[in-house]
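In case you want the letters, here they are:
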Amino acid sequence: MQVKRQLKSAQEHGLENKDAIHTDSKRINTAKECWEHLSKLFTSSNWSEDHANKKVGQYIALWRDQKDMDRPRSVIEHARCEGIHAARSFLVTAASGVGVLLMRPWDCWCMACLAIEGRGVGNMSGKQGHSQLHVEGCTSACRGLVNMFDERTVSPLNQGASEAERKAAERHGRELVKKVRVGAYIGIQNRAGDEDDVFWVAKVVESGSGNSKHPHIFEEVSERTDVQGKQIRLGSSVVGVNRGECAFTVQYLERDSSDPNRMTFMPAGGPVSLVNCSELRAINLKMRQAKVVGPVPARKPKAAKKGPKPVTTDRLVLDGESENAVLKCCY
């Protein structure tokens, strides 16, 4: 109500008194100008002094647009979540494949609630399934509000793929395999059903088969095969390939279990594996080095006063646009 009151006052008196509007343009016509006005108002010395001894002494206005988001909105559309009209606080813990949504009647901005990221992360505790998850240390409980999240599973509307979608995805993979280069990161659809992730991330490596034009292609099948296809083996890796398909070599990247968003990966390693090109969904994925807050070197005493600074790790973080590029080709 305080924010609404301030905006209404600025709009009413802006033409008579330009000092009532704190934007550079002296207008509030866009969402960003609304944020600019509130940000300058609530950080001004006059407002801080007037509210120093009041119950609410600080407002923080935040602005983010699409280019600031690491993970753009997924193209997957989900069904309606039961009871969502009675909730005010939401947290999405899984969006692809199966949507997992946490929600509760009231919102809270205490430090305990800001630290939660999902089940078993931060102060969130609870069991697998449609359960209530408790936020330990939530200050809203002292004011009689509910500090429990209800977990809901929401199914994608486009979960069932048609035969045409499957064939289009496989044809797309056969086209991409000839365009990718050794060393690139790629997305491979998980059709085994042995884990929750919709796709895997892998690094393309040389196959050693002597193919100078496409060194990652291990074997290509051009002749007609039987119903089960031709079985191609490389070490302990075996893959079935039909006519018009090929087997190429990769090293899979293992997901870092400490990241609840499943976007952080360990460096490529382990044995070389064969992949059927029809499972390929996207190439040239963007991966950046993960950074964590680390200690400042002792030989730089001036920098130590500024506190810890981010240091680069060997982990790799998948770009949000690259994730969407893989998901939109999965069925």
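Provided above is the structure to which this section pertains.
Cut-off values and rules
Residues numbered from 1 in each chain as written. Predicted model: local features only at pLDDT ≥ 70, side-chain atom pairs only at ≥ 80, totals over all residues. Heavy atoms only, no water. Helix = DSSP H or I, 4+ residues; strand = E, 2+ residues; numbered from the N terminus. Buried < 20%, exposed > 50% of the residue type's maximum accessible area, 1.4 Å probe, protein only. Lys, Arg positive; Asp, Glu negative; His and termini not counted. Salt bridge = Lys/Arg side-chain N within 4 Å of Asp/Glu carboxyl O. Polar contact = N/O pair within 3.5 Å; in protein donor to acceptor, adjacent residues only side chain to side chain.

Engineer: Describe the side chain of arginine 104, with residues and values.
Structural biologist: Position of arginine 104 relative to the elements: it lies in strand β2 (residues 99-104). One buried charge, arginine 104, has no salt-bridge partner; the nearest side chain with opposite charge is aspartate 107, at 4.2 Å. A polar contact is formed between the side chain of arginine 104 and the backbone oxygen of tryptophan 106, at a distance of 3.2 Å.

Engineer: Describe the pattern of salt bridges, listing the residues and the values that go with them.
Structural biologist: Taken as a whole and assessed by the stated rule, the structure comprises ten salt bridges. Residue lysine 40 is joined to glutamate 36 by a salt bridge in which the shortest nitrogen-to-oxygen separation is 3.1 Å. Taken together, the residues lysine 40 and glutamate 36, both in helix α2 (residues 31-42) and four residues apart, mark about one turn of the helix. Among the residues examined, lysine 40 registers a relative accessible area of 35% and is labelled partly exposed. As a salt-bridge pair, arginine 315 and aspartate 256 come within 3.2 Å of each other at their nearest N and O atoms. A residue pair is termed long-range when its members are at least 10 positions apart, and arginine 315 in strand β16 (residues 309-318) and aspartate 256 in the loop between β11 (246-252) and β12 (264-265) qualify at 59 residues. Judged by its relative accessible area of 25%, arginine 315 is partly exposed. For aspartate 256, a relative accessible area of 12% gives the class buried.

Engineer: Outline the environment of glutamate 323, listing residues and values.
Structural biologist: Tracing the chain through its elements places glutamate 323 in helix α7 (residues 320-327). Residues glutamate 323 and leucine 285, 38 residues apart in the sequence, show an inter-C-alpha distance of 8.0 Å.

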